[in-house]
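# Observations on the model geometry
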Amino acid sequence: MSMKLEHIGVAVASIERHLKVWRDIFGFVVGKMTEVAGQKVKVVMLDVGGVHVELIEPLSQDSTIQKFIEKRGEGLHHLSFEVDDLHKMIEELKKRGVRMIDDVPRIGAHGSVIAFVHPSSTGGVLIELSQEGVVEQEV
Ligand code: ZN
């Protein structure tokens, strides 16, 4: 089983506002802003040195990120691990008794497919598993 930390997701009410610290003061390089329609969010990746920080802003009141911010405030939301074969990984984890939020991969940002592991299996940390380059990228 091979998993590599790819990014740390941070839920924010406004990406623009927080770029003033992450980009302008910390000096991290910002990637392209993308909308993930399925999750009603927009995201931006910052290269923080081998791994990324993903700022996630809700686009709708019924986005799970909006609900997260209302309940717990802005802050750390998930860790994202890159895997080689997401289908196989989900089957393997389930076989070993790990509770999944997603039994079936869904479309993530930047042409990836993702699946979330339930925090009850991981010490309260929401974990996103991601396989890159699966979905045709929109240009
Ligand atoms: Zn993420």
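Refer to the structure presented above.
Because the structure is predicted, anything quoted here is derived from the model rather than measured.

### Quick notes on the overall build of the protein chain
In terms of regular secondary structure, the protein chain is built from 3 helices and 9 strands. Going from the N terminus to the C terminus, the protein chain shows its helices and strands as β-α-β-β-β-β-α-β-α-β-β-β. The globule rule puts the C-alpha radius of gyration for 139 residues at 14 Å, and the 15 Å found for the protein chain is close to it. C-alpha atoms of the protein chain, sized along the principal axes, occupy 45 × 30 × 25 Å. Taken over 139 residues, the protein chain has a buried fraction of 40%. Put simply, of all contacts in the protein chain between residues at least 6 apart along the chain, 51% involve residues at least 24 apart. As displayed, the protein chain has an accessible area near 8000 Å², and 54% of this comes from carbon and sulfur atoms. Here the protein chain contributes 16 positively and 21 negatively charged side chains, and the mean placements of these two sets differ by 5 Å.

### Things to note about a nonpolar patch on the surface
A grouping of Val21, Ile25 and Phe26 is seen on the molecular surface, where their side chains present a nonpolar patch of about 300 Å² in accessible area. Within the element layout of this structure, valine 21 appears in helix 1 (residues 15–22).

### Thoughts on the pairing of strand 1 (residues 4–11)
The sheet contact formed by strand 1 and strand 6 (residues 75–82) spans 7 bridges and is antiparallel. Note on strand 6: the bridge partner recorded for lysine 4 is glutamate 82. Here strand 1 runs beside strand 5 (residues 52–58); their pairing, made up of 5 bridges, is parallel. Paired with glycine 9 across the two strands is glutamate 54, which belongs to strand 5.

### Focus on the coordination of the zinc ion
Listed as protein donors to the zinc ion are His7 (NE2), Glu54 (OE), His78 (NE2) and Glu128 (OE); their distances from the metal cover 2.1 to 2.5 Å. Geometry at the zinc ion is irregular, judged from its 4 donor atoms and the angles of 81 to 171° they form at the metal.

### Digging into the nonpolar core
Residues Phe81, Val83, Leu86, Met89, Ile90, Leu93, Met100, Val113, Ala115, Val117, Ile127 and Leu129 constitute the largest nonpolar core, which totals 12 residues. Elements represented by at least two residues in this core include exactly helix 3 (86–95), strand 8 (113–117) and strand 9 (127–131). Tallying contributions element by element places helix 3 first for this core, with 4 residues. Look past the residues within four positions of methionine 100 in its chain and what remains in contact with it is Ile90, Leu93, Lys94, Ala115, Phe116, Val117, His118 and Leu129. Core analysis: the next-biggest nonpolar cluster, separate from the first, contains 9 residues, Ile65, Phe68, Ile69 and Ala109 among them.

Conventions used here
- One numbering rule holds for all chains: residues counted from 1, following each sequence as written.
- Given that the model is predicted, a residue must reach a pLDDT of at least 70 before its local features are reported, and side-chain atom pairs must reach 80 or more before they are shown or counted; all residues, however, enter totals for whole chains, interfaces and linings.
- To obtain the side-chain values, all non-hydrogen atoms of the structure were included, while hydrogens and water were left out.
- The helix and strand labels rest on DSSP assignments: H or I over at least four residues marks a helix, E over at least two residues marks a strand, and numbering proceeds from the N terminus.
- Computation of the radius of gyration draws on C-alpha atoms alone. For the globule rule, the value is 2.2 Å times the number of residues to the power 0.38.
- Burial classes follow relative accessibility: with a 1.4 Å probe on protein chains only, a residue under 20% of its type's maximum area counts as buried, one over 50% as exposed, and anything between as partly exposed.
- For this analysis, residues touch if any pair of their heavy atoms sits within 4.5 Å.
- Shrake-Rupley sampling with a 1.4 Å probe provides the accessible areas, and residues are treated as covered by the protein chains on show and by no other component.
- In this count, Lys and Arg are taken as positive residues and Asp and Glu as negative ones, while His and the chain termini are left out.
- Every charge is mapped onto a representative atom, which is NZ of Lys, CZ of Arg, CG of Asp or CD of Glu.
- Here a patch means residues that are over 30% exposed by relative accessible area and free of salt bridges, tied together within 9 Å if like-charged and within 5 Å if nonpolar (Val, Leu, Ile, Met, Phe, Trp, Tyr).
- Criterion for a salt bridge: a side-chain nitrogen of Lys or Arg within 4 Å of a carboxyl oxygen of Asp or Glu.
- Pairing between strands requires that DSSP locate at least two bridges from one strand to the other.
- Sodium, potassium and calcium take a 3.2 Å donor cutoff, other metals 2.8 Å, and in both cases only N, O and S atoms count; water is not among them, so sites may look incomplete.
- A four-donor site is called tetrahedral if each angle lies between 85 and 135 degrees; a four-donor site is square planar, and a six-donor site octahedral, when trans pairs exceed 155 degrees and the remaining angles lie between 65 and 115; all other cases are labelled irregular.
- The term nonpolar core refers to a set of buried residues drawn from Ala, Val, Leu, Ile, Met, Phe, Trp, Tyr and Cys, joined through side-chain atoms within 4.5 Å.

Nothing here speaks to function; it is all geometry.
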